[in-house]
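Here is what each chain is made of, one letter per residue.
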Amino acid sequence: MASMLAGCGGSGPARTPPVAGVAGYQGAGSISCVPFARARTGIELRGDAWQWWDAAHGRYQRGRRPAAGHVLVMGRTRRLPQGHLSVVRRQVAAREIRVDHANWAEAGGQGRGRIAEDQPVIDVSAGNDWTAVRVWYPPIQDYGHTVFAAHGFISPRLAAG
């Protein structure tokens, strides 16, 4: 099931221990990650999720460090053709954040279009720079197998001058 996650792009390192007390999907919505992130943050960008990183250049502040209210932009892959956006809820540790996001689900699965809140995401990049992440997958109550490439974080703050 996790191997069919709309966004899997390859196999990652060995699985990490599960995190207790993480909720699953909320509500019965039908929203994708782009309008969800736009509504939560007020960031006025358009296009597929993977396009947000370049679209934010010169308009919004971008960086490699998470902060509450910033948008994590994940890259486009064969199995994640539109990329993915998550809104940072809080930072738990140097290499763990919790995010809210929509439509993080198996293609055609019950979580499709639904919202998942306070979901763990861990930085597994060699340089501790959030360029490679693993994302919690509610149906299995664990991190998925896949390591996803991430562009970085977009702040809702406008870029300087």
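Residues numbered from 1 in each chain as written. Predicted model: local features only at pLDDT ≥ 70, side-chain atom pairs only at ≥ 80, totals over all residues. Heavy atoms only, no water.

The volume enclosed by the largest pocket comes to roughly 200 Å³. Lining of the largest pocket is provided by 14 residues; of these, L80, Q82, G83, N103 and R112 occupy positions nearest its centre. (1 Å grid on protein atoms, 1.4 Å probe; cavity = no way out; pocket = protein on both sides within 12 Å on 5 of 7 lines; lining within 4 Å. Points joined across faces, edges and corners; volume = space filled by probe spheres on them.)

What follows is about the nonpolar core. Ranked by internal contacts, the top residues of the largest apolar core, which has 17 residues, are I43, L45, W52, V71, V73, L85 and I154. It is helix α1 (residues 33-41) that provides the largest number of residues to this core, a total of 4 residues. Setting aside its immediate chain neighbours within four residues, I154 contacts I43, L45, W52, W53, A56, Y60, Q61, R62, H70, V71 and V73. Of all hydrophobic cores here, the second largest spans 15 residues; its members include V135, F148, A150 and F153. (Core = buried A, V, L, I, M, F, W, Y, C linked by side-chain atoms within 4.5 Å. Buried < 20%, exposed > 50% of the residue type's maximum accessible area, 1.4 Å probe, protein only. Helix = DSSP H or I, 4+ residues; strand = E, 2+ residues; numbered from the N terminus. Contact = heavy atoms within 4.5 Å.)

Our focus in this paragraph is the pattern of salt bridges. For the structure shown, the criterion picks out 9 salt bridges. Across the salt bridge formed by R40 and D100, the nearest N and O atoms sit 2.7 Å from each other. Of this pair, R40 sits in helix α1 while D100 sits in strand β5 (residues 96-102); the two residues are 60 residues apart in sequence, bridging distant segments of the chain. Judged by its relative accessible area of 5%, D100 falls in the buried class. A salt bridge links D100 to R89; the nearest nitrogen and oxygen atoms lie 2.9 Å apart. Separated by 11 residues along the polypeptide, D100 in strand β5 and R89 in strand β4 (residues 84-93) bring together distant segments of the chain. Shared partners join several salt bridges into a network, and the residues in it are R40, R89, D100 and E117. (Salt bridge = Lys/Arg side-chain N within 4 Å of Asp/Glu carboxyl O.)

Right, let's talk about the packing of aromatic side chains for a bit. Tallied over the entire structure, the rule returns 3 aromatic pairs. Centre to centre, the rings of W104 and F148 are 5.1 Å apart; their planes meet at 70°, and the pair counts as edge-to-face. Taken as a pair, W104 in the loop between β5 and β6 (115-123) and F148 in strand β9 (residues 148-158) lie far apart in primary sequence, 44 residues in all. For the pair W104 and F148, a shared accessibility class is recorded, and that class is buried. Consider the rings of W136 and Y143, whose centres lie 5.4 Å apart with planes at 85°: the pair is edge-to-face. We note that W136, like Y143, is buried. Sitting over the face of the ring of W53, R62 holds its NZ or CZ atom 4.5 Å from the ring centroid. (Phe/Tyr/Trp six-rings, centres within 6.5 Å; stacked < 30°, edge-to-face > 60°. Lys NZ or Arg CZ within 6 Å of the ring centre and 35° of its normal.)

We now examine the environment of T41. Tracing the chain through its elements places T41 in helix α1. On the basis of relative accessible area, T41 is assigned to the buried category, the value being 15%. Sequence spacing of T41 and R157 is 116 residues, and the spatial spacing of their C-alpha atoms is 9.8 Å. In this structure the side chain of T41 is engaged in a polar contact, spanning 2.7 Å, whose partner is the backbone oxygen of A37. Among the polar contacts listed, one links the side chain of T41 to the backbone nitrogen of I43, at a separation of 3.1 Å. (Polar contact = N/O pair within 3.5 Å; in protein donor to acceptor, adjacent residues only side chain to side chain.)

Another point: the confidence of the model for the protein chain. The share of residues in the protein chain with pLDDT of 70 or more is 77%, and the mean pLDDT across the chain is 83. Throughout residues 1-15 the model reports pLDDT below 50, and contacts reaching past four residues in sequence, or to other chains, amount to 49 contacts. (pLDDT = per-residue confidence, 0-100.)

What follows is about the pairing of β9. Sheet faces and side chains relate simply in a regular strand, where the side chains alternate between the two faces. Summarising the sheet, strand β2 (residues 60-63) and β9 pair through 3 bridges and their orientation is antiparallel. Opposite R62, over in β9, you have I154 as the bridge partner. As paired strands, strand β3 (residues 71-74) and β9 are joined by 4 bridges and run antiparallel to one another. Each residue of the ladder has a partner; that of V71, found in β9, is I154. The pairing of strand β7 (residues 132-137) with β9 spans 2 bridges and is classified as antiparallel. The partner of A132 across the bridge, within β9, is A149. (Pairing = 2+ DSSP bridges.)

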